[in-house]
Amino acid sequence: MTDILLITFAMTLLYIGIANRLTTYIRILVFQGFLLFGVTFLALSQINVANLVFILLETIIFKALAVPIFLNYVIKKNGITRVAEPFIPNFISLIIITLILVITIILSSSIHDTHLDKTFFIVALSTLFTGLYIISTRRKIITHVMGYLVIENGVFILSLAVGNEMPMLVNLGIMLDIFASVFILGVFFNKIGDVLKDPDVNQLRDLKD
Amino acid sequence: MITLFLPLAILISVLLFFNRNKKVNYTLVVSYGILLWLFTIYQFNCPNQLELGFFKSDSLGVLLLVTLSIVAIPALFHGYRYIATHDESRKSRALFFSAMTLLLTATGVAYLSNHIAVTWIFVEITTLSASILIYHHRNAQALEGAWKYVFICAISITFVFIGILFLSLSLKQAGIDDLSFDALQKNYAQLNPFWLKLAFLFIFTGFTAKLGLVPMYTAGIDAKDKAPAPAGALFSSILMNLGFISIYRIYAIVAHTEIRDWANTIILIAAVLSIFVATVYMTRIKNIKRMFAYSGIEHMGLVMLGLAAGGIGVYAAILHVILHAFVKPSLFFQFTQVYRVYHSKSIYDVGNYFKYNRAGAIVLLLGFISATAMPPSGLFVSEFMIFQSLFEAHRVVILFIVLILLTMIIWGFGSNIFKLLFTPPLEIDESRIPKINPWESFSQYALLALAIYIAYNPPIIFVQMIQDAVNLLPH
């Protein structure tokens, strides 16, 4: 069952590669939050209840509700246009993300480690690289933030892979998640919206040599 | 003592944040300085003591903590001069000193951390406080600098976390679940080399954002440019040292295993590329503050060369980061006065500085000699040892390339500094130039002199402590 959820998660990555509108991105993030909830619920049955509740709260309340609502609010407040404006065509993005998936599968098949669940590993790594890819090929600052959130999801999956033995690391990962997201979204994204209208990375090109 | 220092220091930061009264602000900052020094002296006198299970006052940590405390005093003083000459509001003053003390606290405590997760948490706090300092001026450019810094640091902190996850995977086979540096050092033989490789790669890449190496150096440059110069001084000294100590501790584990050569190759590539990038920018740069920042990239490249070369290079690397942490802040502190004279950072608007502020001009000249490692600079000693270690490690090609790049850096640095010092500027309204008190340059002289003194006549305890830190690596 975890495998099915994780594979669905990998499919959302392909979808995010061809999504055109910002609302689609947000919906994918919501969906990913719920998928992560399912994975956590099934994968981490051995740890204590309080910890489990904490992790579940983080996936549902934080990843699937709070962050998307806030992103929606920011888009509305700043009147950001609805198109994601990638630098390269969606079709090529689709091919590249597929390649990322294939390469991570080939890479991980060369690893022989009985302690590692390979599905977790593959999905985590390809999520990570897809996030980096999205950051580097989209024009708007808000899509950069979304790419970062995708990376965070990947890291979360990776921490689940080691979570049963080291719950401390999962909690640390959640701390990273909440701290960095709140920090990036809350403090700075709001400020950028106030100073620059319809934020575009091209407006952040003053600092150079 | 950490149980006492940490809450008190954070309390002072919070009080500074809420306080609007000038006198209370002075008192709090002075008491913070005293607290920091008491803490440093205590840690210095209790070597290798484990506190709270996560902090250990080992030689390297204490050395860098002493460096931090020495730099902190002029940084706070120049912070006051900066606020006084810029007509700041009470709110921005409160935020400035609150962030400054938080940055000093988090960095100091992170030096002593003996657990990689704890280091990670405090590194994240330094990002938070640093970004407040970068956004001090609240204009579009400061926002851009802060945004880039936060975003790149967030990505690199994620990288470090991924590295920690891989590290825990490499521990799994050995059946250990203690991620403290001591435990890792003790059990290095049982670590799985494959996961350790991945862990090192990610942790190294993540911490390059703080250290200022390729690939994550970019954020630091904008940060040092846009932050007020006293904060820039801290970023280019103690915060870089934080990156160094974090990488050094993880390298000390990797160096015991079979993947040491592999790790050395990674470090060498990053180091040579960093020096190359610094050369490219320093030969054509026109912004003085950014030039100082790129000079920091060059020095950290050299430090990493020494670390990878091994032998005497490791000793030289540690000496180099300490000396660099005295030299670079003095240039940044002096820059606030340069800016007060010309109101510009561009090399095209400045010149003839000797005429307007003689004491400050001599600081810049000495700082230039120190930063380019010409004798009698203290950095000459450490750089010489780094080159020697490269030669002994049979890395002659790399040595050759680096020497050529360094010559170009000296040319670029020199042509800008001498333009600033001697060539008359094109247009300047001399009536508007303020008179600058020579005593404001005193701390810069003291730092530069200290860098020379401890390089040529190091106290025995100082040498002993560096030697202790070097002993973390296998011989």
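Residues numbered from 1 in each chain as written. Chains lettered and ligands numbered in written order. Predicted model: local features only at pLDDT ≥ 70, side-chain atom pairs only at ≥ 80, totals over all residues.

Colleague: Sorry, what's going on with the overall build of chain B here?
Modeller: Along its length, chain B carries 19 helices and two strands. By the compact-globule yardstick of 23 Å for 475 residues, chain B fits well, its C-alpha radius of gyration being 21 Å. Its C-alpha atoms give chain B principal-axis dimensions of roughly 75 × 55 × 45 Å. Within chain B, buried positions represent 59% of all 475 residues. Taking the intrachain contacts of chain B between residues at least 6 apart in sequence as the baseline, contacts between residues at least 24 apart amount to 78%. (Helix = DSSP H or I, 4+ residues; strand = E, 2+ residues; numbered from the N terminus. Rg over C-alpha atoms; globule rule 2.2 N^0.38 Å. Buried ≥ 20, exposed ≤ 12 C-beta atoms within 10 Å, placed from the backbone. Contact = placed C-beta atoms within 7 Å.)

Colleague: Is there a simple way to think about the overall build of chain A in this case?
Modeller: When helices and strands are counted, chain A shows seven helices and zero strands. Ordering the α and β elements of chain A from the N terminus gives α-α-α-α-α-α-α. Here chain A, with 209 residues, has 42% of them falling under the buried criterion. A sequence separation of at least 24 residues applies to 72% of the contacts in chain A between residues at least 6 apart.

Colleague: Mind showing me how you'd approach helix α18 (residues 442–456) of chain B here?
Modeller: Owing to its 3.6 residues per turn, the α-helix brings residues three or four apart onto one side. Residues and elements named next belong to chain B. Over its 15 residues, α18 runs 21 Å from end to end, which matches the ideal 21 Å to within 8%, given 1.5 Å per residue. Of all the positions in α18, only S443, Q444, L447, L448, A451, I452 and A455 are classed as buried. Contacts from the buried residues of α18 go to α3 (59–85), α13 (312–342), α15 (358–371) and α16 (378–392). (Expected span 1.5 Å × (residues − 1).)

Colleague: Please explain the domain arrangement of chain B as it appears in this structure.
Modeller: When the parts of a complex come together, some accessible area is lost, and that lost area is often taken as the interface size. All names here are of chain B. Each domain of chain B was delimited in the assignment, giving domain 1 (1–257) and domain 2 (259–475). Distance from the C-alpha centre of domain 1 to the C-alpha centre of domain 2: 21 Å. Contact with domain 1, which involves 45 residues of that partner, is made by 44 residues of domain 2. Those elements that place two or more of their residues in the side of domain 1 that touches domain 2 are α3, α8 (193–211), α9 (218–226) and α10 (229–254). Residue composition of the side of domain 1 that touches domain 2, grouped by class: 28 nonpolar, 13 polar and four charged. (Domains from an automatic or database assignment. Nonpolar A, V, L, I, M, F, W, Y, C, P; charged D, E, K, R; others polar.)

Colleague: What should I look at first to understand the interface of chain B and chain A in this one?
Modeller: Between chain B and chain A, the contact holds 32 residues from the first and 29 residues from the second. Top element by residues in the side of chain B that touches chain A is helix α6 (residues 140–172) of chain B. It accounts for 20 residues. Class assignment for the residues of the side of chain B that touches chain A results in 19 nonpolar, six polar and seven charged.

Colleague: Please explain helix α4 (residues 90–109) of chain A as it appears in this structure.
Modeller: All names here are of chain A. Relative to the 28 Å expected for 20 residues at 1.5 Å per residue, α4 spans 29 Å between its end C-alpha atoms, a close match to the ideal helical length. Of all the positions in α4, only S93, I97, I100, L101 and T104 are classed as buried. When α4 is viewed along its axis, its buried side chains cluster within an angular range of 90° and face the same direction. Opposite the buried face of α4, by more than 90 degrees, sit the exposed residues F91, I95, L99, V102, I106 and S109. Packed against the buried residues of α4 are α1 (2–18) and α5 (118–137). (Arc of directions from axis to C-beta.)

Colleague: In this structure, what is going on with the packing of helix α5 (residues 116–134) of chain B against α6(B)? I would like to understand it.
Modeller: Pairs of packed helices are described in terms of their axes, by the angle between the two and the distance that separates them. Residue and element names in this part refer to chain B. α6 packs onto α5 with a crossing angle of 175° between their chain directions and a minimal axis gap of 9 Å. The orientation of α5 with respect to α6, classified from their angle, is roughly antiparallel. Listed contacts from α6 to I116, A117, W120, V123, E124, T127, A130, S131 and I134 of α5 are A142, G145, A146, Y149, V150, C153, I157, V160, F161 and I164. Tallied by class, the residues present in the contact of α5 with α6 amount to 15 nonpolar, three polar and one charged. (Axes fitted to C-alpha atoms, helices over the stretch in contact; angles between N-to-C directions. Parallel < 35°, antiparallel > 145°, perpendicular 65-115°, else oblique.)

Colleague: I'm lost on the confidence of the model for chain A in this one. Help?
Modeller: Caution applies to low-pLDDT parts of the model: their predicted coordinates are not meant to be read in detail. On average, residues of chain A score 82 in pLDDT, and 86% of them reach the 70 mark or higher. No element of chain A has a lower mean pLDDT than helix α7 (residues 167–195) of chain A, which averages 71, and none a higher one than α4(A), which averages 91. (pLDDT = per-residue confidence, 0-100.)

Colleague: How do you make sense of the nonpolar core when you look at a structure like this?
Modeller: Soluble globular proteins tend to pack their nonpolar side chains together in the buried interior. Residue and element names in this part refer to chain B. Membership of the largest hydrophobic core comes to 235 residues, with the highest contact counts inside it found for L133, A271, M304, L305 and I318. Considering each element in turn, this core owes the most residues, 22 residues, to α6. Of the domains in this structure, domain 1 (1–257) and domain 2 (259–475) are the two that each give at least three residues to this core. Among all residues touching L133, those that are not within four sequence positions of it are F96, A99, M100, L103, A227, P228 and A231. (Core = buried A, V, L, I, M, F, W, Y, C linked by C-beta atoms within 7 Å.)

Colleague: Is there a simple way to explain the packing of α6(B) against α8(B) in this structure?
Modeller: Residue and element names in this part refer to chain B. Contact geometry for α6 and α8: axes closest at 7 Å, N-to-C directions at 160°. When the axes of α6 and α8 are compared, the pair comes out roughly antiparallel. When you trace α6 past α8, the crossing you get is left-handed. Within the contact between the two elements, α6 uses I152, C153, S156, I157, F159, V160, I162, G163, F166, L167, L169 and S170 and α8 uses W195, L196, L198, A199, F202, I203, T205, G206, F207 and A209. Residues of the contact of α6 with α8, tallied by class, amount to 17 nonpolar, five polar and no charged. (Left-handed = near helix turned anticlockwise from the far one by under 90°.)

Colleague: Just to check I follow, could you spell out the environment of A:S126 for this structure?
Modeller: Residue and element names in this part refer to chain A. Mapped onto the elements, S126 comes out in helix α5. For S126 and Y25, which are 101 residues apart along the polypeptide, the C-alpha to C-alpha distance reads 17 Å. Beyond its immediate chain neighbours, meaning those up to four positions away, S126 contacts A10, L13, I100, L101 and T104.

Colleague: How should I be thinking about unusual backbone geometry in this particular structure?
Modeller: When glycine is set aside, most residues are seen to have a negative phi, and most peptide bonds are trans. All names here are of chain B. Put simply, V214 and P215 share a cis peptide bond, and its omega is 10°. Note on placement: P215 falls in the loop between α8 and α9. For the peptide bond that leads from P375 to P376, omega is 5°, which places it in the cis range. In the Ramachandran plot, L52 falls in the positive-phi region, its phi being about 55° despite a non-glycine side chain. Its place among the elements puts L52 in the loop between β1 (50–51) and β2 (55–56). A tally of 12 C-beta atoms within 10 Å means that L52 is categorised as exposed. Positive phi, normally seen in glycine, also occurs at H394, with a value near 60°. Considering the arrangement of structural elements, one finds H394 in the loop between α16 and α17 (396–421). Given 10 C-beta atoms within 10 Å, H394 falls into the exposed group.

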